[in-house]
Amino acid sequence: MKIEMIEAKQLKQKPNWNELGFGKYFTDYMFTIDYIDKQGWVNAKIEPYAPIPFEPSAIVLHYALETFEGLKAYKTKDGRILLFRPEMNARRMQNSNFRLCMPSLPEEDFIEAISKLVSVEKDWIPTLPGTSLYIRPFMFAYENHLGVHPAHNFKFVIILSPVGNYYKNGMSPVKIYVEEEYVRAVKGGTGFAKCGGNYACSVIAQDKAEKMGYTQVLWLDGQYHKYVEEVGTMNVMFYIGDEIVTCPCEGSVLPGVTRDSVIQILKKWGYKVSERLLSIDELMEAGHNGQLKEAFGTGTAAVISPIGVLTYRNDTVVVNQEKIGPLTQKLFDYLTGIQWGQIEDEFHWTREVK
Ligand SMILES: *Cc1c(COP(=O)(O)O)cnc(C)c1O
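Throughout, residues of each chain are indexed from 1 in the direction in which the sequence is written. This being a predicted model, a pLDDT of at least 70 is required before a residue's local features are given, and a value of 80 or more before pairs of side-chain atoms are given or counted; all residues contribute to the totals for chains, interfaces and linings. Excluding hydrogens and water, the side-chain values take into account all heavy atoms of the structure.

Colleague: Which parts of the structure should I look at to understand the environment of G164?
Modeller: Within the fold, G164 resides in the loop between strand 8 (154–163) and strand 9 (174–179). With near-sequence residues (within four places) excluded, G164 lies in contact with L20, G21, G130 and T131. Going along the chain from the N terminus, every DSSP run of H or I of four or more residues is numbered as a helix, and every run of E of two or more is numbered as a strand. Contacts between residues were defined by any pair of non-hydrogen atoms, one from each residue, lying within 4.5 Å.

See the structure below:
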């Protein structure tokens, strides 16, 4: 892929690495490429981060023809830059695009675009413990008409945001509200796709949970409102008895890269991992009879997020006395150790950006 470089006239001042938060600051440059009907992918550019002009009739504003990805670049102590399994994001975006009748960048172009942009912006990768450069590829239909049918012209963009340590005061267990009324996804819908529309329909439940003093919602399946699917914007796992249980990826659940990595690690460590349906009744029961040892969410932003409290209707379960479980901690240390290049990458998951 030929990428044109358009230099910025002036570079921004870098924020204080101690006060980054998540997704607040954006770097000097972005990658853009257009998909034009009958021509394919054209005009690959690394250009100054700036507004993207499009018309009010652009399809994305009306019918949400948009997909996105999320991954991170990490700087190691010895100054190497690592990506974590970017090919998984490339393939997942292809699956998301297929569902929304959108074309996809070839896997090698997706990874090349990310690598080149990250390389240009390497001074934006923060180096304090737990910090990283969040990479947000996304794509949308910008042609102008109000008919509802597949689009023909798209823009694919990558922006970068230096992000802080997710756990400013150390990893701490969160309170989860089990959402019974609203659902996030149904089989046959777009649950497996990373698309903006899935988030648009989820914020109401998040808002409701926050107003009641919870951090996130636990989503139940869309048909029976009975089986546990995801927590907030993360996949979720429960250590019950001698098995670690997580929902199978059968259409309504987002196949997380972190989820897949954790499953592989657990299997290698000799744990029994079951991708099976888990009803909320079974889960609450396990919480009350002592079988539920640990619970945690998995996702790129937080990596591993321990769950301390689960409330379903008028019933509340406290997990591991609201403390971080030993397996949760071990997984977090191992996975982040690989990502920051501190321990041996036995799975060959990291990819160095030159
Ligand atoms: C992105 C996302 C995840 C986590 O996926 P990772 O690849 O592990 O970051 C889980 N659930 C939803 C709904 C997501 O959008």
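Colleague: How do you make sense of helix 6 (residues 257–268) when you look at a structure like this?
Modeller: A helix is expected to span 1.5 Å multiplied by its residue count minus one. Between its first and last C-alpha atoms helix 6 spans 17 Å; for 12 residues at 1.5 Å apiece the expected length is 16 Å, and the two agree. Restricting attention to buried positions, one finds in helix 6 the residues V257, T258, R259, S261, V262, I263, I265 and L266. Looking one or two residues past helix 6, G270 carries a phi angle of roughly 95°, positive in sign. Burial classes follow relative accessibility: with a 1.4 Å probe on protein chains only, a residue under 20% of its type's maximum area counts as buried, one over 50% as exposed, and anything between as partly exposed.

Colleague: Just to check I follow, could you spell out empty space enclosed by the protein for this structure?
Modeller: Empty space among the atoms becomes apparent when a probe as large as a water molecule is rolled across them. Buriedness for pockets is judged along seven lines, at least five of which must meet protein on both sides within 12 Å for an open set on the 1 Å grid over protein atoms alone, while cavities are sets there where a 1.4 Å probe fits but cannot get out, and lining residues have an atom within 4 Å of a point. Grid points are joined across faces, edges and corners, and a volume is the space filled by probe spheres set on the points. Enumeration according to the criterion identifies five cavities of 30 Å³ or more in this entry. If you add up the space inside the largest cavity, you get close to 90 Å³. Around the largest cavity sit G70, L71, K72, Y74, F84, N89, V257, T258, G299, T300, V303 and Q339, which together line it. Going through the elements one at a time, strand 5 (71–75) and helix 6 are the ones with two or more residues in the lining of the largest cavity. For the lining of the largest cavity, the leading source of residues is strand 5, giving three residues. Considered class by class, the residues forming the lining of the largest cavity number five nonpolar, six polar and one charged. Note on residue classes: Ala, Val, Leu, Ile, Met, Phe, Trp, Tyr, Cys and Pro are nonpolar, Asp, Glu, Lys and Arg are charged, and everything else, Gly too, is polar.

Colleague: How should I be thinking about the layout of surface pockets in this particular structure?
Modeller: There is about 690 Å³ of room inside the largest pocket. Along the walls of the largest pocket sit 34 residues, with K194, Y199, T233, M234 and A301 positioned nearest its centre. Of all the secondary structure elements, the ones that give two or more residues to the lining of the largest pocket are strand 7 (132–141), helix 4 (196–200), helix 5 (203–211), strand 10 (216–220), strand 12 (234–240), helix 6 and strand 15 (292–299). Counted by class, the lining of the largest pocket contains 14 nonpolar, 14 polar and six charged residues. Taken as a whole, the second largest pocket holds about 380 Å³ of empty space. Around the second largest pocket, the lining comprises 21 residues; the ones closest to its centre are L128, P129, G130, T131 and W340. Looking at the lining of the second largest pocket, the elements that each hand over two or more residues are strand 5 and helix 8 (326–339).

Colleague: How do you make sense of the pairing of strand 6 (residues 81–84) when you look at a structure like this?
Modeller: It is a general feature of regular strands that their side chains alternate between the two faces of the sheet. Here strand 6 shows a buried face lined by I81 and L83 and a second buried face lined by L82 and F84. The pairing of strand 5 with strand 6 spans three bridges and is antiparallel. When the sheet's bridge partners are listed, Y74 is paired in strand 6 with L82. A pair of strands is labelled paired if DSSP reports no fewer than 2 bridges between them. Hairpin connection between strand 5 and strand 6: a loop of five residues separates the two successive antiparallel strands, and G79 in this loop has a positive phi of roughly 85°. Inspection of the sheet shows strand 6 paired to strand 18 (residues 350–353) by four bridges, in the antiparallel sense. Paired with F84 across the bridge in strand 18 is T350.

Colleague: Mind showing me how you'd approach the packing of helix 6 against helix 8 here?
Modeller: Packed helices, taken two at a time, are described by the angle their axes make and the gap between the axes. Convention adopted: a line fitted to C-alpha atoms gives each axis, helices being fitted over their contacting stretch, and angles between N-to-C directions are expressed from 0 to 180 degrees. For the pair helix 6 and helix 8, interaxial distance at closest approach is 11 Å and the crossing angle is 110°. Looking at the two axes, helix 6 sits roughly perpendicular to helix 8. When helix 6 is examined against helix 8, the residues T258, S261, V262, I265 and L266 are found in contact with a partner set consisting of L327, L331, Y334 and L335. Its residues placed into classes, the contact of helix 6 with helix 8 shows seven nonpolar, two polar and no charged. When an angle is under 35 degrees it counts as roughly parallel; over 145 it counts as roughly antiparallel; between 65 and 115 it counts as roughly perpendicular; any other value is oblique.

Colleague: Honestly, the site of the ligand in this entry has me stumped. Any pointers?
Modeller: The cutoff for a nearby residue is simple: one of its non-hydrogen atoms must lie within 4 Å of the molecule or strand. In the vicinity of the ligand there are 14 residues, among which K194, Y199, E230, T258 and T300 approach most closely. A distance of 3.4 Å is found between a nitrogen atom of the ligand and a backbone nitrogen or oxygen belonging to T233. Nitrogen and oxygen atoms within 3.5 Å of one another constitute a polar contact, given that in protein one can donate a hydrogen and the other can accept it, and given that sequence-neighbouring residues count only through two side-chain atoms. Contact distances for the ligand include 2.6 Å between an oxygen atom and a side-chain N or O atom of T300. For the ligand, the accessible surface in isolation is 380 Å², of which the surrounding protein chains cover 96%. Criterion for pocket placement: a molecule counts as inside a cavity or pocket if more than half of its atoms are within 2 Å of its grid points. The cavity where the ligand resides is the largest pocket. Contributions of two or more residues to the shell around the ligand are made by strand 12 and helix 6. Class assignment for the residues of the shell around the ligand results in four nonpolar, six polar and four charged. Where accessible areas are quoted, they stem from the Shrake-Rupley method and a 1.4 Å probe; at the residue level, only the protein chains shown are allowed to cover.

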